Amino acid sequence: MDVKTKQPLLSDHVDMRPVAVDADEAISDRNAIVQLDPDHPGFRDREYRKRRNQIAQLAVNFQPGDQIPEAPYTAEEHQVWRTIWAALEPAHEQHACAEYLASLRRLSFDPDRIPQLREVNKKVQAISGFRLEPVAGLVQPRVFLENLANGVFLCTQYIRHHSTPLYTPEPDVVHEIVGHGVTLASERLAELNRLFGEAVKRTTAQDALDRLSRVYWFTIEFGALGEGESVKAYGTGLLSSAGEMEEMRGAELRPLDLEAASRQQYDPTHFQPVLFCAESFDGMYNKLREYLISW
Ligand SMILES: [Fe+2]
């Protein structure tokens, strides 16, 4: 199924996660906490909306320190995971950086079943101390980023609608787990996430926060790097989408310059036409680490 040409691709939380102005607004109507746009693939599916609400409700009831509740996925949704996995496996083989592939092996997902956050956490926490905690979907970018400082990744638990297995208009559990969960099982990538959180905590001006969010976008979400003669992905938005990894080949690659990245505008609803490419994993790690520490 070729969805690439017809629909925009994976969006992401820093910019695209729906934001409630008032913190209470998100839960003011508990029966309809997931408000899907009429264009959303699941909009007309009453059962899907009901399940989304159930899953969101789990997150609303969740208190830090609680055991993470199991999301009730259906057989159809496990099939979505299977379909995605069949597309991702060869794409990872070809386009993922070595650091990511090593983490992926450590997490050893079942290709037939959506993993529960609780299982993923056990492994990720043992490696980097990071844990994924469920959110209903309504979170301010600052809240999302600041939580990283405490080793907490706020994470949606629902999966995209089964009618479009290779497309989602919002971050879902596939992006969260296959993208972020795996990279947080790398000590060095987890450290960079933590440093982003700490830098955001020291940031008060909105303009500065916007710049940091763009650096996050062009590194943690859409970063590329050189490995031998090849260009490989370490960004979660690339690594959780076979379509994005394929399109990476056609993107304009600029040498990693974090000042330039902080000023580079982007459109999260399309394939990324411009990516910043570090000369190597070590080069990216050292440059970004230094930048965030001295922010
Ligand atoms: Fe993301």
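What you see is a predicted model; the values in this text were computed from it and never measured. (Residues numbered from 1 in each chain as written. Predicted model: local features only at pLDDT ≥ 70, side-chain atom pairs only at ≥ 80, totals over all residues. Heavy atoms only, no water.)

1. What to know about the confidence of the model for the protein
- Mean pLDDT over the protein: 87, with 88% of residues reaching 70 or higher.
- The low-confidence segment residues 1-32, where pLDDT is below 50, has 86 contacts with residues more than four positions distant or belonging to other chains. (pLDDT = per-residue confidence, 0-100. Contact = heavy atoms within 4.5 Å.)

2. Looking at unusual backbone geometry
- Although it is not a glycine, Ser108 sits at a positive phi angle of roughly 30°.
- For Ser108, the position within the fold is in the loop between helix 4 (98-107) and helix 5 (117-128). (Helix = DSSP H or I, 4+ residues; strand = E, 2+ residues; numbered from the N terminus.)

3. Overview of the environment of Ser294
- As for its position among the elements, Ser294 is in the segment after helix 13 (281-293).
- Remark: the alpha-carbon pair of Ser294 and Ala199, spanning 95 residues in sequence, is separated by 8.6 Å.

4. Considering the packing of helix 6 (residues 141-149) against helix 8 (residues 187-201)
- Viewed as axis vectors pointing N to C, helix 6 and helix 8 meet at an angle of 120°, and their least axial separation amounts to 6 Å. Relative to helix 8, helix 6 is oriented oblique. The interaxial crossing formed by helix 6 with helix 8 has left-handed handedness. Mapping the contact onto sequence places Arg142, Leu145, Glu146, Leu148 and Ala149 in helix 6 and Asn193, Arg194, Phe196, Gly197, Glu198, Val200 and Lys201 in helix 8.
- Of the residues assigned to the contact of helix 6 with helix 8, the class counts are five nonpolar, two polar and five charged. (Axes fitted to C-alpha atoms, helices over the stretch in contact; angles between N-to-C directions. Parallel < 35°, antiparallel > 145°, perpendicular 65-115°, else oblique. Left-handed = near helix turned anticlockwise from the far one by under 90°. Nonpolar A, V, L, I, M, F, W, Y, C, P; charged D, E, K, R; others polar.)

5. Quick look at the nonpolar core
- Counting 80 residues, the largest nonpolar core has Tyr100, Phe109, Phe153, Phe196 and Met284 as the members making the most contacts within it.
- Setting aside chain neighbours within four positions, we find Phe196 in contact with Leu148, Leu212, Val215, Tyr216, Thr219, Ile220, Leu288 and Leu292. (Core = buried A, V, L, I, M, F, W, Y, C linked by side-chain atoms within 4.5 Å. Buried < 20%, exposed > 50% of the residue type's maximum accessible area, 1.4 Å probe, protein only.)

6. Quick look at the environment of His162
- Position of His162 among the secondary structure elements: in the loop between strand 2 (152-155) and helix 7 (173-183).
- Between the C-alpha atom of His162 and that of Val80, which follows or precedes it by 82 residues, the distance is 5.8 Å.
- Polar contacts involving the side chain of His162 include one to the side chain of Glu76, which spans 3.4 Å. (Polar contact = N/O pair within 3.5 Å; in protein donor to acceptor, adjacent residues only side chain to side chain.)

7. A short note on the sheet that holds strand 6 (residues 274-278)
- Reading across from one edge, 4-3-6-5 is the order of the four strands in this open sheet, with mixed pairing throughout. Both outer strands of the open sheet, strand 4 (230-233) and strand 5 (252-255), are each paired with one neighbouring strand and no more. The sheet shows a mean angle of 40° between the axes of neighbouring strands, taken without regard to direction.
- Pairing between strand 3 (residues 224-227) and strand 6: two bridges, direction parallel. Across the sheet, the residue bridging to Leu225 is Ala278, located in strand 6. (Pairing = 2+ DSSP bridges.)

8. Side note on the pattern of salt bridges
- Enumeration according to the criterion identifies 14 salt bridges in this entry.
- Salt-bridge contacts for Glu259 lead to Arg211; the nearest nitrogen and oxygen are separated by 3.4 Å. Note that Glu259 is positioned in helix 12 (residues 258-263) and Arg211 in helix 9 (residues 206-221), a separation of 48 residues in sequence.
- Looking at Glu259, the relative accessible area reads 34%, which means it is partly exposed.
- Arg211 gets classed as partly exposed once you look at its relative accessible area, which sits at 21%.
- The salt bridge partner of Glu252 is Arg254, with a shortest N-O separation of 2.8 Å.
- On the accessibility criterion, Glu252 (42% relative accessible area) is partly exposed.
- The class for Arg254 is partly exposed, based on a relative accessible area of 28%.
- Because the salt bridges share partners, they merge into one network encompassing Glu99, Arg188 and Asp282. (Salt bridge = Lys/Arg side-chain N within 4 Å of Asp/Glu carboxyl O.)

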